[in-house]
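Structural description and commentary
Below, each chain spelled out in residue letters.
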Amino acid sequence: MKASVIDKAGTRDERRELAGKCAIVTGSTSGIGLGIARGLAEVGMNVMLNGFGDTADIETTRRELSSAFGVAATYSAADMSKPDEIEAMAEAARAAFGSVDVLVNNAGIQHVEAIETFPPAKWDAIIAINLSSAFHATRAVVPEMKAREWGRIVNIASAHALVASPFKSAYVAAKHGVLGLTKTVALETAEHGITVNAICPGYVLTPLVRKQIPETAKARGITEEQVIRDVLLHAQPTRAFVTTEQIAALTVFLCTGAGASITGAALPIEGGWTAQ
Ligand code: NAD
């Protein structure tokens, strides 16, 4: 790999460094995952999309990424709550690309409700999809990354991996767990050219957040406008939503040689939320 990503004109050239590498991005049919898949394709990486959604829409996205950026793009319908499907997804990526160089564990769901009435089935689903899936996907790709002495694992955690909010017991527990997994695997792989980091975004206006606005309004007995102003953006001193492009850019940076010494880190990208 090139030692530097700065080209002769003094600008970063991540494409030259990362083109041809292969990535799986879980939960990339929507929101942050799709933004990350696009960001990785933009620098020339082949990407495996994953997640639920309308089959025709997913196929359109896959073709568009491939033709816009001249990369191979493929899709796995693996359900991240099912360990055997996660293993099959990694196997399918290896079959399609020859290797998995980058794994982005992004798939996630949310449920907002007080602990007394929080449905146990929702707890189980959130732990499975937001936490256990990262364990299963990581263990499926680490052996080949170790063998090649290069790999990048990026876990999309949350500001809720660092601090809590009421009514999100399962989500906050899962995201704190993701941080523990991140640190542990970072230590286990540190001498093998692999970095493992957790990105901790604040609020991004994706379908996941749009859905919790009415749920939060109900749980707190306030209007949806009040939820946006007094709950979501109140937590972020910038009073602005984080964008999927900003998270994608951080993910790309972590994949470069410039990011090689960052491992086991929790990287907040939350408009100052956890500085308070
Ligand atoms: P989103 O709802 O837009 O996207 C979630 C993706 O996960 C979709 O592609 C969906 O199909 C997929 N998915 C859900 N269940 C799945 C399953 N069982 N198997 C496979 N795929 C599944 O949500 P988002 O806001 O883009 O969230 C993505 C990640 O970012 C999540 O882990 C979330 O916790 C995290 N995050 C989001 C925010 C935010 O404000 N949006 C903030 C911090 C962290």
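See the structure printed just above.
Residues numbered from 1 in each chain as written. Predicted model: local features only at pLDDT ≥ 70, side-chain atom pairs only at ≥ 80, totals over all residues. Heavy atoms only, no water.

**Side note on the pattern of salt bridges**
Counted by the stated rule, this structure contains 12 salt bridges. Across the pair Glu87 and Arg139 runs a salt bridge whose closest N-O atoms are separated by 4.0 Å. Highlighted residues: Glu87 in helix H4 (residues 83-97) and Arg139 in helix H5 (residues 120-148), separated in sequence by 52 residues. The shortest N-O distance in the salt bridge between Glu91 and Arg94 comes to 3.2 Å. Linking Glu91 with Arg94, this pair stays in helix H4, spanning three residues, or about one helical turn. Connected through salt bridges with shared partners, the residues Glu91, Arg94, Asp101, Glu144 and Arg148 form a single ionic network. (Salt bridge = Lys/Arg side-chain N within 4 Å of Asp/Glu carboxyl O. Helix = DSSP H or I, 4+ residues; strand = E, 2+ residues; numbered from the N terminus.)

**Describing the nonpolar core**
One finds Ile36, Leu40, Leu65, Val104, Ile156 and Ile247 to be the most contacted residues of the largest nonpolar core, which totals 32 residues. At the level of elements, strand S1 (22-25), helix H2 (31-42), strand S2 (46-50), helix H3 (55-69), strand S4 (102-105), strand S5 (151-156), helix H9 (244-255) and strand S7 (266-269) are the ones that each hand at least two residues to this core. Residue contacts for Ile36: discarding those within four places in its chain leaves Val25, Val104, Ile156, Ile247, Ala248 and Thr251. By size, the runner-up hydrophobic cluster in this structure holds 26 residues, among which are Met48, Phe97, Ala107 and Ala137. (Core = buried A, V, L, I, M, F, W, Y, C linked by side-chain atoms within 4.5 Å. Buried < 20%, exposed > 50% of the residue type's maximum accessible area, 1.4 Å probe, protein only. Contact = heavy atoms within 4.5 Å.)

**With respect to the site of the ligand**
Surrounding the ligand, one finds 30 residues, the nearest of these being Ser30, Asn106, Tyr171, Val204 and Thr206. In the model, an oxygen atom of the ligand is placed 2.5 Å from a nitrogen or oxygen of the Tyr171 side chain. With respect to the ligand, the side chain of Thr206 contributes an N or O atom lying 2.4 Å from an oxygen atom. Summarising the interface, the protein chains cover 93% of the accessible area of the ligand, which totals 830 Å² for the free molecule. The site holding the ligand turns out to be the largest pocket. Listed by contribution, the elements that provide at least two residues to the shell around the ligand are H2, helix H6 (169-189) and helix H7 (207-220). Considering every element that reaches the shell around the ligand, the biggest residue donor is H7, with three residues. Its residues placed into classes, the shell around the ligand shows 16 nonpolar, 12 polar and two charged. Of the domains in this structure, domain 1 (8-202 + 243-268) and domain 2 (203-241) are the two that each give at least three residues to the shell around the ligand. (Near = heavy atom within 4 Å. Polar contact = N/O pair within 3.5 Å; in protein donor to acceptor, adjacent residues only side chain to side chain. Areas by Shrake-Rupley, 256 points an atom, 1.4 Å probe, with all protein chains shown as cover. 1 Å grid on protein atoms, 1.4 Å probe; cavity = no way out; pocket = protein on both sides within 12 Å on 5 of 7 lines; lining within 4 Å. Sits in = over half its atoms within 2 Å of the grid points. Nonpolar A, V, L, I, M, F, W, Y, C, P; charged D, E, K, R; others polar. Domains from an automatic or database assignment.)

**Focus on the layout of surface pockets**
Sizing a probe to match a water molecule and rolling it over the atoms shows the empty space that remains. Of the volumes computed, that of the largest pocket is approximately 810 Å³. Every residue lining the largest pocket is counted, 40 residues in all, and those nearest its centre are Asn106, Ala107, Gly108, Ile109 and Leu208. When residues of the lining of the largest pocket are traced back to their parent elements, those giving at least two are H2, H5, H6 and H7. At six residues, the largest contribution of residues to the lining of the largest pocket is made by H7. Across the lining of the largest pocket, the residue classes tally to 18 nonpolar, 16 polar and six charged. Taken together, domain 1 (8-202 + 243-268) and domain 2 (203-241) each give at least three residues to the lining of the largest pocket, which thus spans both. (Points joined across faces, edges and corners; volume = space filled by probe spheres on them.)

**Describing the environment of Asn197**
Structurally, Asn197 can be placed in strand S6 (residues 194-201). Reaching out from Asn197, the side chain makes a polar contact with the backbone oxygen of Ile262 at a distance of 2.8 Å.

**As for the sheet that holds S7**
The strand order across the open sheet formed by seven strands is S3-S2-S1-S4-S5-S6-S7, and the pairing between neighbours is parallel. Each of the sheet's edge strands pairs with one partner strand only, and the pair in question is strand S3 (73-76) and S7. Averaged over all pairs of adjacent strands, the angle between strand axes in this sheet comes to 20 degrees, irrespective of strand direction. Taken together, the three bridges between S1 and S2 define a ladder with parallel strand orientation. Bridge pairing in S2 links Cys22 to Asn46. Against the sheet, H2 touches S1, S2, S4 and S5, its axis set at about 175 degrees to S1. Against the sheet, H3 makes contact with S2 and S3, and its axis sits at roughly 155 degrees relative to S3, the strand it touches most. (Pairing = 2+ DSSP bridges. Axes fitted to C-alpha atoms, helices over the stretch in contact; angles between N-to-C directions.)

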